[in-house]
Structure formats: structure tokens, C-alpha cells
Amino acid sequence: MTTGKAYVTSVFEKVKAQNAHEPEFLQAVGEVFESLVPVFDKYPKYIDENLLERLVEPERIVSFRVPWVDDQGHVQVNRGYRVQFSSAIGPYKGGLRFHPSVNQSIIKFLGFEQIFKNSLTGQPIGGGKGGSNFDPKGKSDNEIMRFCQSFMTELSKHIGADTDVPAGDIGVGGREIGYLYGQYKRLRNEYTGVLTGKGLTYGGSLARTEATGYGAVYFAEQMLKARGEDFAGKVAIVSGSGNVAIYATEKLQSLGAKVVAVSDSSGYVYDPEGIDVALLKQLKEVERARIVKYADARPSATFTPAGEGSIWSIKADLAFPCATQNEINEEDAKTLVANGVIAVTEGANMPSTLEAIEVFQKAGVSFGPAKAANAGGVAVSALEMAQNSQRTAWSFEEVDAKLYDIMKGIYENAAAAAKEFGAEGDLVVGANIAGFLKVAEAMSAQGIV
Ligand code: GLU
């Protein structure tokens, strides 16, 4: 009989050979696969069904040309993607990322993570992801609109309210979703819930904007509770200053923690008096300014340019990496541990390298992996889909209460799965297993497809 270890290793060797030039995808797959060994020992029928090799191959990938005209009248071309990874438990669901770093490896790692994350939410949503190497930075509103319209002209052929429901991610927020939705509606003449993260006047859900950041904090609250702690008087670092970081900061401060630093790709600001969230929102959500402007406007704050220091060198009890993948390496992790960090909660997708995670876990730091800790965004997206289907709108309090329960449930399921499979306290293993089990059962029930 093949052991779980032998099976997982042989599939991973194949995946490595076939995707040798996709390091981020292999990183995400490697982390999940390692966790799943005991699952295959317990359920050998999944080996017979070669479930892992099927799951790791996306159901479909579309890659397409996105031509658009800039304000100078020049024709620009970008590359668009949609990875429809798994529809085992529901329509493909996951965000769109517009960032120059986007390539197939990035979209596949995000899509793969999304399968497990979406499963963990308990909502009926499969895994997908998309985006483009388009750089929204410095573009005018009209350029953004023309790009979004061109992107959706192709994407509209592949999505649908019961097929694939994209949303935002890095570089795609309310403005972009609005332009994308307008173009979809014009092309299809259908007013459906084909995108989430929509504006409140045209089918969006209250609390969707806040959901990822708030959800990460609700998850952290559970991790702290398990160690007999809470947020009162804790000092926190939140990297990033986009949607996730802003609302993580807001919720942390409302629960009694003090966030002393935030960042963007140009550097970080340190504000020992605590981040002024209203100022941060004005600069980032309204003016779309660089983070140095925060320090210009706030006497208590100092700015450190990228390359001249790391946000992770600041002494803190709590760290919330909410910027991007691989933003915490082994060195950063060691620094955080040396400075006494007790909990690390991933608001971004895969912000810690595998080596960094090992450092945290060995040091006894509570570690909330992205697919569990940042699932609040997509969870409320699923609630947005439910409201759209019912043609109704729930109150902020109602959605926020559901979000809280979902995040608590994710923590409890991940903790229980870790315990059941011999890795008590390891939420990486627990989240991977808990997320996988539902998808595996659904795949098995639906036959070899
Ligand atoms: N981009 C977010 C994520 O990484 C949200 C996806 C969604 O709402 O569909 O989960």
C-alpha cells in the first residue's frame, strides 16, 4: 500500500517538474502538500482516486491580450489572466490583481490558496484568481476605466454569477470594480452578481470593504484568547496601507491595541502615538498618495524609505503582514521574535516565506496563516452573492456579526483539525487539512472529472 508520504512526494515531484518556472506556485503547493500527508494515510481512497494530482491542476486557465489607449493616445498592451482552479464546492471565486509583478505563477499560487481559503469559510465557493501585469500607479481615472473596459471585454466571456465571480485584490478596489461591472452589464445586458466588492448603490454588501482587515483581527483575537491574552495595551505593526491594512488598523485600535507602523512599496512610517486612521484613509483612499505624506502631515511620525530599514525591525507584540507575498523572510522573522512578538496574523496572501513560518512556530509565536486569517474578505463576498441572489441587503451589523462567527469558526476548525491529525497548535497544518477535507469529499463524490 502506498503511504501518504510516498503519494504526496511523488505528486509534488511531478508538479515541480511540470511547473519548474513558477516558484510562488510551488511554494504555495509545497506548504499545503506537506500538511496533507496524514490525511492520505487516513483516507487511502483519495490516493486511489489520485485526488491530489487532479486538484493541483487548474480546471482552466485563460490568458488574454488587453489592449488600451493611454492619455497620450499611445496604444498599450497588457496581459490578462483568469485561473479557474477548482469548482468542486461552488462557482470559481477569487479576486483580480492589477500589479506589474503579476504573471502565471503569481495567479496560480493565489488561485491555489483560494481553494482552501474559500472552503474554510464554510460558504459554497470554489477557487479562482485573475489579474493583469497592468500597473495602476500614476494612471488617470480615464486610463483605469479604459483598461478595465478592455479587460472585461475578454473576461466577460469566461465568467458569470453561477460560473465564476471575480472581486478585488491588490490594485483592484471599488473604482475598478465599478468600471468592470459597468462594462460587463453593457456587454451582457444582465444585472447579476457577477462581481463582488461592488459599490453600495449597485448591489454591494455593507462591511465588504472592511471585511478582510476586520476578519484578520477577529482571527487574531481567537489566537490571543487561546494564550489567555487580548488586545488591550498591545503594540502592533501592520504592513501595507491598502484596504486590508487600513481596516485591520481601524479594528485593532478600536479593540485597544496601538498600531505604530504602516507601509507601502516606497517605505514605512513609524508613529509611536498610534496611526491616525482617518488621515491614512484620506491619503490612501481619497488622494491615492504615497505613505511619506502621512509623516509630512503628522508631527509624531517618521518616514523610512524602502531599502533603508525594515518595518519588521520595530518592537511590537503583534505583527499583521497585510502588504504582499514573501514580505517577511527568515531574518525578519528572527528580528520579530527577538523583539518579543507573540502573534503573527497574515492579512496578505502568503506574506511569510516557509523559512519565516518555521522561525515563528519554533519560537512558540501564534501564527495565523493567510488562507485562514484573511478569509474574511472572500467570506463577505459570498455573503454579497447571497444578498444579490435574494435581491436584498443586510445591515452592517448583520454582516459584521456573520463575519465574526465565520472567523471564529475558521479558527476553531483549523485548531481542531490540527489536533485531530497530530499537530496540535499548528494552524498552518490545521487550515490546510480543514480546507482540503471538504474539497476532497466533494471531488470524490462527483467522480473523476
Ligand atoms: N482577493 C481577496 C482574497 O484574496 C478576496 C477575493 C474575493 O472576495 O473574491 O481572498
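Before reading further, recall that the structure is shown in the block above.
Residues numbered from 1 in each chain as written. Predicted model: local features only at pLDDT ≥ 70, side-chain atom pairs only at ≥ 80, totals over all residues. Heavy atoms only, no water.

What to know about the site of the ligand
The condition that has to hold: Whether a residue is near a molecule or strand is decided by its heavy atoms; if any one of them lies within 4 Å of it, the residue is near. Whenever a nitrogen or oxygen atom comes within 3.5 Å of another N or O atom, the pair is scored as a polar contact, on the condition that within protein one atom can donate a hydrogen and the other can accept it, and that pairs from neighbouring residues in sequence are kept only if both atoms are in side chains. Note that accessible areas follow from Shrake-Rupley with a 1.4 Å probe, and for residues the cover is restricted to the protein chains shown. To qualify as a helix, a DSSP run of H or I must reach at least 4 residues; to qualify as a strand, a run of E must reach at least 2; elements of each kind are numbered from the N terminus.
Within the structure, the ligand sits among 14 residues, and Lys93, Lys117, Gly168, Asp169 and Ser381 are positioned closest to it. A distance of 2.7 Å separates an oxygen atom of the ligand from a polar side-chain atom of lysine 93. The separation between an oxygen atom of the ligand and a polar side-chain atom of serine 381 is 2.5 Å. Here the ligand has 290 Å² of accessible area as a free molecule, and 94% of this is covered by the chains. Where the shell around the ligand is concerned, the elements lending two or more residues are strand 3 (92–98), helix 5 (104–120) and helix 15 (376–390).

Some words on the packing of helix 6 (residues 141–155) against helix 7 (residues 174–188)
Selection criterion: The angle between two axes is taken between their N-to-C directions and runs from 0 to 180 degrees, where each axis is a line fitted to C-alpha atoms and a helix contributes only its stretch in contact. Geometric relationships in this document are graded by angle, where less than 35 degrees denotes roughly parallel, more than 145 denotes roughly antiparallel, 65 to 115 denotes roughly perpendicular, and other angles denote oblique. Handedness of a helix crossing follows the sense of rotation of the near helix relative to the far helix, less than a right angle counterclockwise being left-handed and clockwise being right-handed. In what follows, residue pairs with any heavy atoms lying within 4.5 Å of each other are defined as contacts. Amino acid classes used here: Ala, Val, Leu, Ile, Met, Phe, Trp, Tyr, Cys and Pro are nonpolar; Asp, Glu, Lys and Arg are charged; the rest, including Gly, are polar.
The contact between helix 6 and helix 7 brings their axes to 8 Å, and the two run at 45°. Considering the angle they form, helix 6 stands oblique to helix 7. Both helix 6 and helix 7 take part in a crossing whose hand is right-handed. Listed contacts from helix 7 to Asp141, Ile144, Met145, Cys148, Gln149, Phe151, Met152 and Thr153 of helix 6 are Arg175, Glu176, Tyr179, Leu180, Gln183, Tyr184 and Leu187. Among the residues forming the contact of helix 6 with helix 7, the class breakdown is 9 nonpolar, 3 polar and 3 charged.

Observations regarding the sheet that holds strand 3
The condition that has to hold: In this description, strands pair whenever DSSP reports at least two bridges between them.
Pairing in this open sheet of 5 strands is mixed, and the strands run 1-2-4-3-5 from one edge to the other. The two strands at the open ends of the sheet, each matched to only one other strand, are strand 1 (60–69) and strand 5 (164–167). If you compare each strand with its neighbour and ignore which way they point, the axes differ by 20° on average. Where strand 1 lies against strand 2 (residues 75–86), 10 bridges are found, and the strand directions are antiparallel. Among the inter-strand pairings, tryptophan 68 is bridged to a residue of strand 2, identified as glutamine 76.

Observations concerning the sheet that holds strand 6 (residues 235–239)
Spatially, 7 strands are ordered 9-8-7-6-10-11-12 in an open sheet, and the strand pairing comes out mixed. Each end of this open sheet is capped by a strand with a single partner; those strands are strand 9 (302–305) and strand 12 (366–368). The sheet shows a mean angle of 15° between the axes of neighbouring strands, direction not considered. Pairing geometry for strand 6 and strand 10 (residues 318–321), over 4 bridges, is parallel. Among the inter-strand pairings, alanine 236 is bridged to a residue of strand 10, identified as leucine 318.

Things to note about a nonpolar patch on the surface
This is how the line gets drawn: Patch membership requires over 30% relative accessible area and the absence of a salt bridge. Like charges are linked within 9 Å, and nonpolar side chains (Val, Leu, Ile, Met, Phe, Trp, Tyr) within 5 Å. Definition used for salt bridges: Asp or Glu carboxyl oxygen within 4 Å of a side-chain nitrogen of Lys or Arg. A 1.4 Å probe rolled over the protein chains alone gives each residue an accessible area, and that area as a share of the maximum for its type sets the label: buried under 20%, exposed over 50%, partly exposed in between.
A cluster of nonpolar side chains, contributed by Val69, Val75 and Val77, occupies part of the molecular surface with about 270 Å² of accessible area. Position of valine 69 relative to the elements: it lies in strand 1. Given the relative accessible area of 37%, valine 69 is considered partly exposed.

A look at helix 2 (residues 23–42)
Let me state the cut-off plainly: Expected helix span is taken as 1.5 Å per residue step, with the number of steps being one fewer than the number of residues.
A rise of 1.5 Å per residue sets the reference length of helix 2, with its 20 residues, at 28 Å; its end C-alpha atoms lie 30 Å apart and thus fit the reference within 8%. Burial of helix 2 is extensive: 15 of the 20 residues sit out of reach of the surface.

Structural notes on unusual backbone geometry
One non-glycine residue with positive phi stands out, namely asparagine 50, at about 45°. Position of asparagine 50 among the secondary structure elements: in the loop between helix 3 (45–48) and helix 4 (51–55). Phi at methionine 350 takes a positive value of approximately 50°, unusual for a residue other than glycine. As for its position among the elements, methionine 350 is in the loop between strand 11 (343–345) and helix 13 (354–362).

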